Amino acid sequence: EGRDDRAAVASLAEADETTGVFSALRDGVAEVDIRGAVAGDWIEVEWVPGGRLGVFAPPGSSFDTGAGRIGVNAVVPARGGGDRAGSGRGAGIRVELPASAARAELRVNGQLLLRRTAEGLLFPGTAAVDSSGSVVRMQVPPTSPE
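Report follows, based on the coordinates.

Criteria and thresholds
- Think of each chain on its own: its residues are numbered from 1, step by step along the sequence as written.
- Residues qualify for local features only when their pLDDT is at least 70, as the model is predicted, and side-chain atom pairs are given and counted only at 80 or more; totals for whole chains, interfaces and linings, by contrast, use all residues.
- The side-chain quantities take in all heavy atoms of the structure and omit both hydrogens and water.
- Any two strands between which DSSP finds at least two bridges are classified as paired.
- Put simply, DSSP H or I for four residues or longer makes a helix, DSSP E for two residues or longer makes a strand, and each gets a number counted from the N terminus.
- Should a side-chain nitrogen of Lys or Arg be within 4 Å of a carboxyl oxygen of Asp or Glu, the pair is scored as a salt bridge.
- Exposure classes here rest on a 1.4 Å probe applied to the protein chains alone. A residue is buried below 20% of its type maximum, exposed above 50%, and partly exposed in between.
- Each aromatic pair joins two rings of Phe, Tyr and Trp (for Trp, the six-membered one) with centres within 6.5 Å, and gets the label stacked for planes under 30 degrees apart, edge-to-face for over 60, and tilted for any other angle.
- Counting as a charge over the ring demands two things of the Lys NZ or Arg CZ atom: a distance within 6 Å of the ring centre and an angle within 35 degrees of the ring normal.
- Here, residues are in contact when the closest pair of their heavy atoms is within 4.5 Å.
- For the purposes of this section, nonpolar cores are sets of buried Ala, Val, Leu, Ile, Met, Phe, Trp, Tyr and Cys residues that join through side-chain atoms within 4.5 Å.
- The convention used is that axes are lines fitted to C-alpha atoms, helices contributing only their stretch in contact, and that angles between N-to-C directions extend from 0 to 180 degrees.

### With respect to the pairing of strand β2 (residues 29-35)
Thinking step 1. Bridge count between β2 and strand β8 (residues 103-108): 6 bridges; the pairing is parallel. Looking at β8, one finds that aspartate 33 is bridged to arginine 107.
Thinking step 2. In terms of strand pairing, β2 meets strand β6 (residues 69-73) through 5 bridges, oriented parallel. Residue isoleucine 34 lies in a different strand from β6, and its bridge partner there is valine 72.

### Here we look at the pattern of salt bridges
Thinking step 1. Tallied over the entire structure, the rule returns 8 salt bridges.
Thinking step 2. Where arginine 103 meets glutamate 31, a salt bridge forms, and the shortest distance between an N and an O atom there is 3.3 Å. Note that arginine 103 is positioned in strand β8 and glutamate 31 in strand β2, a separation of 72 residues in sequence.
Thinking step 3. Using a relative accessible area of 27% as the deciding quantity, one classes arginine 103 as partly exposed.

### A closer look at the packing of aromatic side chains
Thinking step 1. In this structure the tally under the stated criterion is 1 aromatic pair.
Thinking step 2. Centre to centre, the rings of phenylalanine 22 and phenylalanine 56 are 5.6 Å apart; their planes meet at 80°, and the pair counts as edge-to-face. A residue pair is termed long-range when its members are at least 10 positions apart, and phenylalanine 22 in strand β1 (residues 19-24) and phenylalanine 56 in strand β4 (residues 52-57) qualify at 34 residues.
Thinking step 3. We classify phenylalanine 56 as buried; its relative accessible area is 1%.
Thinking step 4. Above the plane of the ring of tryptophan 47 lies arginine 116, whose end atom (NZ or CZ) is 4.5 Å from the centre.

### A word on the pairing of β8
Thinking step 1. Where β8 lies against strand β9 (residues 111-117), 5 bridges are found, and the strand directions are antiparallel. When the sheet's bridge partners are listed, leucine 106 is paired in β9 with leucine 114.
Thinking step 2. In this antiparallel pair of consecutive strands, β8 and β9, the connection spans 2 residues, and asparagine 109 shows a positive phi of 50°.

### Let's talk about the environment of arginine 69
Thinking step 1. Looking at the element boundaries, arginine 69 is found in strand β6.
Thinking step 2. With relative accessibility at 31%, the residue arginine 69 sits in the partly exposed group.
Thinking step 3. Counting along the chain gives 36 residues from arginine 69 to glutamate 105, while the straight-line C-alpha distance between them is 9.6 Å.
Thinking step 4. In contact with arginine 69, other than residues within four places in its own chain, are Ser23, Glu31 and Asp64.

### Concerning the nonpolar core
Thinking step 1. Counting residues in each nonpolar core, the largest one holds 27 residues, and the members touching the most others are Ile34, Ile43, Val45, Val95, Leu97 and Leu106.
Thinking step 2. Elements with a contribution of two residues or more to this core: β2, β3 (42-48), β4, β6, β7 (93-98), β8, β9 and β12 (135-139).
Thinking step 3. Excluding residues that lie within four positions of it along the chain, isoleucine 34 makes contacts with Ile43, Val72, Ala74, Ile93, Val95, Leu106, Arg107, Val108 and Asn109.

### Considering the sheet that holds β8
Thinking step 1. Pairing in this open sheet of 6 strands is mixed, and the strands run β5-β6-β2-β8-β9-β10 from one edge to the other. Because the sheet does not close on itself, it has two edges, and the strands there are β5 (62-66) and β10 (120-122). Averaged over all pairs of adjacent strands, the angle between strand axes in this sheet comes to 10°, irrespective of strand direction.

### What about unusual backbone geometry?
Thinking step 1. One non-glycine residue with positive phi stands out, namely aspartate 27, at about 50°.
Thinking step 2. Note that aspartate 27 resides in the loop between β1 and β2.
Thinking step 3. By relative accessible area, which is 72% here, aspartate 27 ends up exposed.

Printed below as a string of structure tokens:
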């Protein structure tokens, strides 16, 4: 099973210039915590069928996983001649959340940006949001000083 996921990830990485991991839901819960995202970049979130969540980030990013949870230490690629944030792909961070999840949360740099419960979908953070069908794009807000 793990080997199949690695093969799928390798295939996606070649085609998409990202690397990623999957995790099965735990008791209907999906949690994603992304660290190292740059303010102003866009993160794409897609609601997908099935019972697993996935996160894809630029090569060199590291992941830690557990049942129903994925943590990411994102490596942000150097900006070449173009603005990738304007390309619709942001820094190359993409999150797949299962539509079957009873509860889903996305935190970016410690800020809760998306929460879905039985009551509906909430965007409690300060991110700019662009939603179209099953895809939500959120702009990473500046990190609050602590």
